[in-house]
Amino acid sequence: MKELLSPAGNMECLKAAVNNGADAIYLGGKTFGARAYAGNFSNEELKEAVNYAHLYGVKIYITVNTIIYNTEVDELIKYIEYLYKIGVDALIMQDIGMISLVRKVFPNMEVHASTQCHNHNYEGIKLLKELGVTRIVLDREMSLEEIENIDVDIEKEVFIHGALCNCYSGCCLFSFMNGGRSGNRGECTQVCRLPFKLIKNGEYVNNESKYLLSTKELNTINNFNKLLDSDIVSFKIEGRMKSPSYVGYVTRIYRKLIDSYSNRISSEEEDNLKILFNREFTKGFLFDEENNKVINMKRPNHQGVEIGKVINYKNNVAMIKLNDEININDGLRIVGKKDIGVNVNNFY
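The structure reproduced in this document is the subject of the present report. (Residues numbered from 1 in each chain as written. Predicted model: local features only at pLDDT ≥ 70, side-chain atom pairs only at ≥ 80, totals over all residues. Heavy atoms only, no water.)

### Looking at the pairing of strand β1 (residues 3-7)
Next up, step 1: Counting buried residues in β1 gives five out of five residues, a clear majority hidden from the surface.
Next up, step 2: Covered by surrounding structure in β1 are Glu3, Leu5 and Pro7 together with Leu4 and Ser6, the residues of both alternating faces.
Next up, step 3: As a crossover connection, the stretch from β1 through helix α1 (residues 11-19) into strand β2 (residues 24-28) is right-handed. (Buried < 20%, exposed > 50% of the residue type's maximum accessible area, 1.4 Å probe, protein only. Helix = DSSP H or I, 4+ residues; strand = E, 2+ residues; numbered from the N terminus. Right-handed = clockwise from strand over helix to strand, strands pointing away.)

Written out as structure tokens, the structure is:
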């Protein structure tokens, strides 16, 4: 049985995931989660989330996946005691010492090892198994072949869609060194989305593409049947900072693929995914993507889909030849030496 695991940054996203076929949902409270700047859930909202999800037979996994300081241990244990009492199905954790402690204090609480644990080899995963971890979230740098060669009796989970990190899973210090905010504390500045200059042999390279470290979005749809045939048990969608419409639609598409046991979606569904959010798509290292096809150096934000070309511009008026329809309230980006963003608010 394959599990579809969806993200939720707030209650609206959680309901969108439930209503579109998620088997489980991962979310974070106000502390100890690796997405400190998502909406996240208060303790009362966590209780509401668990009750709502369980009403529909959907599991709730809570992210407790930051490195924990010594001064925070007592607070952490009180928080996990609360999560245990409200019936959370599992914790997603990074800190090895805290995993060991939680397994001793709450032996009936299921613990999953976050991708922040840098789960990529037999010895490390065997250690987690010995600590009582029941599932590992595999590194996004690993290929499907490498994942299947991990011969440890433990559940395997992989990311199948959404944002990628430029650095090795759980090993990024770039944000802390550059901006004083640690990704291991959930405070990543996303510095890899910023423009950089390229230096070769001590000289600047004249390169119009400045976003040298900004990754494309992971999209495994065209290879999804291979995942279905693997020993992976849980398919995870990234997106705790994404909108309810994004969470709902991406969940619906992968629910369809799991239920039909295929990798087929319509061209309209594929366009809808691009319209919702994409930095261009990559199949990722999961399917041995070439290095030069993982980075989008042109721009680090949402790309949308091409709907036409500017054929004339005069007196601040652009004439566009469309190859697709547009509607009132659509957002357009006119791409040139300087991008221009406009909203469609009238037709003539």
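### Details of a negative patch on the surface
Next up, step 1: A cluster of acidic residues, Glu145, Glu146, Glu148, Asp229 and Asp288, forms a negative patch at the surface.
Next up, step 2: Note on placement: aspartate 229 falls in the loop between α8 (224-228) and β11 (234-237).
Next up, step 3: Given the relative accessible area of 56%, aspartate 229 is considered exposed. (Patch = residues over 30% accessible without salt bridge, like charges linked within 9 Å, V, L, I, M, F, W, Y side chains within 5 Å. Areas by Shrake-Rupley, 256 points an atom, 1.4 Å probe, with all protein chains shown as cover. Salt bridge = Lys/Arg side-chain N within 4 Å of Asp/Glu carboxyl O. Lys, Arg positive; Asp, Glu negative; His and termini not counted. Charge placed at Lys NZ, Arg CZ, Asp CG, Glu CD.)

### A few points about the pattern of salt bridges
Next up, step 1: As enumerated under the stated definition, the model contains 15 salt bridges in all.
Next up, step 2: One salt bridge in this structure joins glutamate 217 and arginine 279, with 2.5 Å as the shortest N-O distance. One end of the pair, glutamate 217, is in strand β10 (residues 217-219); the other, arginine 279, is in the loop between α10 (267-276) and β12 (281-282), and 62 residues separate them in sequence.
Next up, step 3: Note that glutamate 269 is salt-bridged to lysine 256, the shortest N-O span being 3.0 Å. You can see glutamate 269 sitting in helix α10 and its partner lysine 256 sitting in helix α9 (residues 244-260), a full 13 residues away along the chain.
Next up, step 4: The exposure class of glutamate 269 is buried, given its relative accessible area of 16%.
Next up, step 5: Each member of the salt-bridge network shares a partner with another, and the members are Glu3, Arg135, Glu155, Glu157 and Lys236.

### What about the side chain of serine 262?
Next up, step 1: With respect to the element layout, serine 262 can be found in the loop between α9 and α10.
Next up, step 2: Separated by 3.4 Å, the side chain of serine 262 and the backbone nitrogen of arginine 264 make a polar contact.
Next up, step 3: What serine 262 contacts, discounting residues up to four positions off in sequence, is Phe224, Asn225, Leu228 and Leu257. (Polar contact = N/O pair within 3.5 Å; in protein donor to acceptor, adjacent residues only side chain to side chain. Contact = heavy atoms within 4.5 Å.)

### Here's the deal with the packing of helix α3 (residues 73-85) against helix α4 (residues 96-105)
For any two helices packed against each other, one specifies the inter-axial angle together with the distance between the axes.
Next up, step 1: Put simply, α3 and α4 touch, their axes get as near as 11 Å, and they point 50° apart. Considering the angle they form, α3 stands oblique to α4. Read as a crossing pair, α3 and α4 show a hand that is right-handed. Contacts from Val73, Leu76, Ile77 and Ile80 of α3 reach α4 at Met98, Leu101, Val102 and Val105. (Axes fitted to C-alpha atoms, helices over the stretch in contact; angles between N-to-C directions. Parallel < 35°, antiparallel > 145°, perpendicular 65-115°, else oblique. Left-handed = near helix turned anticlockwise from the far one by under 90°.)

### A word on the environment of glutamate 48
Next up, step 1: Here glutamate 48 lies in helix α2 (residues 43-55).
Next up, step 2: Its relative accessible area of 41% is what places glutamate 48 among the partly exposed residues.

### Some thoughts on the state of the cysteines
Next up, step 1: Inspection of the entire model under this criterion finds zero disulfides.
Next up, step 2: Considering cysteine sulfurs only, cysteine 188 is the nearest to cysteine 13, which forms no disulfide, with 20 Å between them.
Next up, step 3: Look at cysteine 13 and you get buried, because its relative accessible area is 0%. (Disulfide = S-S within 2.5 Å.)

### Some details on the packing of aromatic side chains
Aromatic ring pairs are described here by two measures, namely the spacing of the ring centres and the angle between the planes.
Next up, step 1: Evaluated as defined, the whole model comprises six aromatic pairs.
Next up, step 2: Measuring from ring centre to ring centre gives 5.2 Å for tyrosine 52 and tyrosine 56, while their planes differ by 50°; the resulting arrangement is tilted.
Next up, step 3: By the ring-pair criterion, three or more aromatic residues cluster together here, those being Phe224, Phe235 and Tyr254.
Next up, step 4: Geometry around tyrosine 246 places lysine 242 over its ring, the cationic atom sitting 4.9 Å from the centre.
Next up, step 5: The aromatic ring of phenylalanine 277 is capped on one face by lysine 242, whose charged end is 5.0 Å from the ring centroid. (Phe/Tyr/Trp six-rings, centres within 6.5 Å; stacked < 30°, edge-to-face > 60°. Lys NZ or Arg CZ within 6 Å of the ring centre and 35° of its normal.)

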